[in-house]
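What follows is each chain in one-letter form.
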Amino acid sequence: MAMALSAAAALLLCAGCSQRPRRVADGPVYLDRQAPTEERIEDALSRMTLEEKVAVLHAQSKFSSAGVPRLGIPELWCTDGPHGIRPEVLWDEWEQAGWTSDSCVAFPALTCLAASWDPDLALLYGQSIGEEALYRGKDVLLGPGVNIYRTPLGGRNFEYMGEDPYLASRIVVPYVQGVQQNGVAACVKHFALNNEETHRHTIDVDLDDRALYEIYLPAFKAAVQEGGAWSIMSSYNLYRGTHVGNNERLLDDILRGEWGFDGAVISDWGGVHETEGTVLHGVDLEFGTWTDGLTMGATNAYDNYYLANPYLEGLRSGKYTVEGLDAKVRRVLRLIFRTAMRENKGFGALNSEAHYAAARRIGAEGIVLLKNENGLLPLRKGSRVLVVGENAVKMMTVGGGSSSLKVQHEISPLAGIAEQAQVTYARGYVGDVGGEYNGVSSGQDLSESRNPAQLTAEAVSLAREADYVVFVGGLNKSDHQDCEGADRLDLALPYGQDALISALAAANPRTVVALVSGNAVSMPWVDKVPAILQCWFLGSEAGHSIADVLFGDVNPSGKLPFTFPRALCDSPAHQAGMTFPNEGPTTYEEGIFVGYRWYDKQGIEPLFALGHGLSYTSFEYGPARLDRTSMTEGGRIRVSVPVTNTGSVPGKETVQLYIADRESSLPRPVKELKDFAKVSLEPAQTKTVTFEISADKLRFYDPAAGAWTAEPGEFELLIGSASDDIRTRAAFTLK
Ligand code: BGC
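Residues numbered from 1 in each chain as written. Predicted model: local features only at pLDDT ≥ 70, side-chain atom pairs only at ≥ 80, totals over all residues. Heavy atoms only, no water.

Draft legend 1. Looking closely at the overall build of the protein. Counting its regular elements, the protein contains 19 helices and 31 strands. A compact globule built from 735 residues would reach a C-alpha radius of gyration of about 27 Å, and the protein, at 27 Å, matches this within 12%. Taking the principal axes of its C-alpha atoms as reference, the protein extends roughly 80 × 70 × 55 Å. Partitioning the intrachain contacts of the protein with sequence separation of at least 6 by distance along the chain shows that 76% fall at a separation of at least 24. By element, 49% of the accessible surface of the protein is carried by carbon and sulfur atoms, the whole surface being about 25300 Å². (Helix = DSSP H or I, 4+ residues; strand = E, 2+ residues; numbered from the N terminus. Rg over C-alpha atoms; globule rule 2.2 N^0.38 Å. Contact = heavy atoms within 4.5 Å. Areas by Shrake-Rupley, 256 points an atom, 1.4 Å probe, with all protein chains shown as cover.)

Structure representation (structure tokens):
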């Protein structure tokens, strides 16, 4: 429609008489649905009263914000995120509402998705969970999370994508795109520096700009600039003395300024603490504020939010400008137009076969085979398998904080294995017998009256008679395990599992350890057991995914998205002197040397390195070949490496490219992940993987210049199967 719409015009075109505009003061904003969104936003804005504008900037219930009823602008409905669609809660409470139509598919935790090293699966994940959100009538999915894995004690690491900014970036982009293809916004969280839980509201993070730009921000930037994320969630913590919810540098300067983010910043629930800073630099949408106990007293506690009446009063008194208000409202309307008011949205789907298949596949592709001595795995189908451990039966989709779900079904590891073998079960240890979160109950009775010695004795005696023992343990979603709001207390497995595993391995040499966790754990028994699988929290299809790998229907191809240290004191932040947990000011002393960057620099051998993951077949790498040996700043170099499946079964290998800067004015990591490719190979098949290197892959952040720079000199390309398993190298010069 060629007509230009001025704000004052507020015109509607009547159907069939497009040349004769009709003036309508109120009424639905169905003004020319084909008009560009920005015009429709200006039109809507021009019709809104001051009160209506303020009303769209804060919550009206636990998970929704008001629209403009008079103008037909709908409410905005948010949901957690990020592994499935959270059950409906009461209007003003965290407690579930008790609906019977809100059970969902739980997809594997984001650590598992990252461990797949497969952007195509991340797209499938985003599309699938986006469809579930759409079917449930949600506009904003509160996820994915991309905070960098800084310490293995971090309670929420299981909801994030590991320690490497490049890997997290490559996974988050398709996830966001997949979700948003449904007209549902991804809300990428928690921006930024949410690396601890215990004192998440008071921890005040300081770090050097290199670490900020090189390690902690890239995945957010990729989500915004490449993924086109429509919303971002500010984190609870402070950065350099100011809460992130009103942090000028992070929100105004970097996110909106440097990156050009035009979407809405949504506060984490209860993450707004003042009106002035929030009005001037902060979030656009305020959720979850605890209004000093007013929740129970005021007629509408939401009117007491920092971006509600206090803002309105400041506007009326002239303290705040309407221009500033309009900027926020515009961003919120943009989010509404992109989602709730999106034309031609589909209807989504809930609990579909396709979603279960996606969950199962992502789960199996993310499982990491850490160790497999003498080819113990895969197990023989139909054999006598003793399954030991609480995590073989405990529902893991309930608990852990806001990502807790109400699932339509959850296949336990025991049930999955029982479909493939003759199974006996022994509890082995007692962890947490609870199974309730905000009114959703697992319905499981895990009570146990026997003591640890009796449980061990039973498991060990049954182990002697089994063909194989599969121990399924690890962490769970209880406090101080993998859980929001509380970090872990140490690296060790809880509940006496270490001793039990050693006893089982002594009783049966064919003992497999399958760890269900979202974090690294120490493994004092690592040399005693022949096979170890890192299984993550796998959601609805957990047992099927695990059995698919255990019995060889799926050849494992997951690779670790973070390092497993031998001891906590080896891991970067801890070795750099961090006290834990932190409250108040804390400085990230390890700087850019996070994860494998630290182990490389210190020459510390980890238990399992970033990128490690075995297969039931073997892969041989040929020599890396460059198409030239020097390049200029604007040029490109290609490096190719042939990879051959030298085993007897089909398999997938993630070929990893690390780059080392041999000469630089500032310290750089020994090597950094800069690309990867997952290839599928039949036995004896060879594929050549080619990576293209531009100067972007060579740059570091120069804090003095406030810019990314690539310095001339020699660079080395290290290509391999893991960060500690480099198979071939090549060098070139940047001129
Ligand atoms: C969490 C967010 C979550 C929100 C809403 C907060 O406590 O930190 O990740 O999206 O609650 O449930």
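Draft legend 2. Examining the sheet that holds strand β31 (residues 725-734) more closely. If you trace the 5 strands from one edge of the open sheet to the other, you get β23-β31-β30-β25-β26, paired in mixed fashion. In this open sheet, the two edge strands, each paired with only one partner strand, are β23 (630-631) and β26 (672-681). Inspection of the sheet shows strand β25 (residues 651-661) paired to strand β30 (residues 713-722) by 6 bridges, in the antiparallel sense. Each residue of the ladder has a partner; that of Tyr-658, found in β30, is Leu-718. (Pairing = 2+ DSSP bridges.)

Draft legend 3. The arrangement of the site of the ligand in detail. Among the 15 residues in the neighbourhood of the ligand, the closest are listed as Asp-80, Arg-156, His-190, Asp-268 and Glu-484. The contact in question runs from an oxygen atom of the ligand to an N or O atom on the side chain of Arg-86, over 3.2 Å. Take Arg-200: an N or O atom from its side chain is 3.4 Å from an oxygen atom of the ligand. If the ligand stood free it would expose 310 Å²; the protein chains cover 97% of that surface. Using a 2 Å cut-off from the grid points, one finds that the ligand occupies the second largest pocket. Of the residues assigned to the shell around the ligand, the class counts are 6 nonpolar, 2 polar and 7 charged. (Near = heavy atom within 4 Å. Polar contact = N/O pair within 3.5 Å; in protein donor to acceptor, adjacent residues only side chain to side chain. 1 Å grid on protein atoms, 1.4 Å probe; cavity = no way out; pocket = protein on both sides within 12 Å on 5 of 7 lines; lining within 4 Å. Sits in = over half its atoms within 2 Å of the grid points. Nonpolar A, V, L, I, M, F, W, Y, C, P; charged D, E, K, R; others polar.)

Draft legend 4. Inspection of helix α11 (residues 309-316) at higher detail. Listed as buried for α11 are Tyr-311, Leu-312, Gly-314 and Leu-315. The arc that holds every buried residue of α11, seen down its axis, measures 160 degrees, which confines them to one face. Residues of α11 that are exposed and point more than 90 degrees away from the buried face comprise Glu-313 and Arg-316. In the core, the buried residues of α11 are packed alongside α2 (50-55), α9 (276-281) and α12 (322-338). Of the residues flanking the end of α11, it is Gly-318, one or two places downstream, whose phi is positive at about 90 degrees. (Buried < 20%, exposed > 50% of the residue type's maximum accessible area, 1.4 Å probe, protein only. Arc of directions from axis to C-beta.)

Draft legend 5. Up close: the packing of helix α5 (residues 165-180) against helix α7 (residues 218-225). At a minimum axis distance of 8 Å, the contact between α5 and α7 shows a crossing angle of 25 degrees. Considered as vectors, α5 and α7 are oriented roughly parallel to each other. Here α5 runs over α7; the crossing is right-handed. Packed against α5, whose contacting residues are Pro-165, Ala-168, Ser-169, Val-172, Val-173 and Val-176, the element α7 presents Pro-218, Ala-219, Ala-222 and Ala-223 at the interface. (Axes fitted to C-alpha atoms, helices over the stretch in contact; angles between N-to-C directions. Parallel < 35°, antiparallel > 145°, perpendicular 65-115°, else oblique. Left-handed = near helix turned anticlockwise from the far one by under 90°.)

Draft legend 6. Molecular detail of the pattern of salt bridges. Counting across every chain of the model gives 53 salt bridges. Measuring nitrogen to oxygen at the nearest pair gives 2.6 Å for the salt bridge that ties Arg-316 to Glu-51. Of the two residues, Arg-316 is situated in helix α11 and Glu-51 in helix α2; the sequence distance between them amounts to 265 residues. By relative accessible area, which is 39% here, Glu-51 ends up partly exposed. We note a salt bridge from Glu-365 to Lys-652, for which the minimum N-O separation is 2.8 Å. (Salt bridge = Lys/Arg side-chain N within 4 Å of Asp/Glu carboxyl O.)

Draft legend 7. Expanded view of the sheet that holds strand β18 (residues 511-516). If you walk across this open sheet you meet the 6 strands as β12-β19-β18-β17-β13-β14, and the pairing is mixed. What marks the edges here is a single partner per strand, and that holds for β12 (368-372) and β14 (422-426). Direction aside, the axes of adjacent strands within the sheet are offset by 20 degrees on average. Judged from the 6 bridges that link them, strand β17 (residues 468-474) and β18 form a sheet pairing that is parallel. The residue bridging Phe-471 from the neighbouring strand is Val-513, located in β18.

Draft legend 8. Up close: the confidence of the model for the protein. Mean pLDDT over the protein works out to 94, with 94% of the residues at or above the 70 mark. Scored below 50 in pLDDT, residues 1-25 shows 35 contacts in the model against residues more than four places distant or in partner chains. (pLDDT = per-residue confidence, 0-100.)

Draft legend 9. Representation of unusual backbone geometry in the model. With an omega dihedral of -5 degrees, the bond running from Lys-189 to His-190 counts as a cis peptide bond. Of note, His-190 is situated in strand β6 (residues 185-191). Along the chain, Leu-377 connects to Pro-378 via a cis peptide bond; the corresponding omega equals 0 degrees. Along the chain, the position of Pro-378 falls in the loop between β12 and β13 (384-388). Phi is positive for Asn-351, close to 55 degrees, though the residue is something other than glycine. Structurally, the position occupied by Asn-351 is in the loop between α12 and α13 (353-366). Exposure remark for Asn-351: the relative accessible area of 17% places this residue in the buried category. The phi torsion at Asn-438 lies on the positive side, around 45 degrees, for a residue other than glycine.

Draft legend 10. The pairing of strand β11 (residues 264-267), seen in detail. The alternating pattern of β11 places Ala-264 and Ile-266 on one face and Val-265 and Ser-267 on the opposite face, and all of these are buried. As defined by bridge partners, strand β8 (residues 231-234) adjoins β11 across 4 bridges and the pair is classed as parallel. What sits directly across from Ile-232, in β11, is Val-265.

Draft legend 11. Just the pairing of strand β4 (residues 76-80), in detail. Most of β4 sits out of view: 4 of its 5 residues are buried. Pairing between strand β3 (residues 64-65) and β4: 2 bridges, direction antiparallel. Bridge assignment links Ser-65 to a residue of β4, and that residue is Leu-76. Looking at chain direction, β4 and strand β5 (residues 140-142) are connected through 3 bridges and run parallel. Counted as the bridge partner of Asp-80 is Leu-142 from β5.

Draft legend 12. Quick peek at the side chain of Ser-234. Along the polypeptide, Ser-234 turns up in strand β8. Residue Ser-234 is classed as buried on the basis of its relative accessible area of 0%. Every residue in contact with Ser-234, bar those within four places of it in the chain, is listed here: Phe-191, Val-244, Gly-245, Val-265, Ile-266, Ser-267, Asp-268 and Val-283.

Draft legend 13. Structural view of the environment of Asn-304. Take Asn-304: it is sitting in the loop between α10 (294-297) and α11. For the pair formed by Asn-304 and Val-655, sequence separation is 351 residues and the distance between their alpha carbons is 54 Å.

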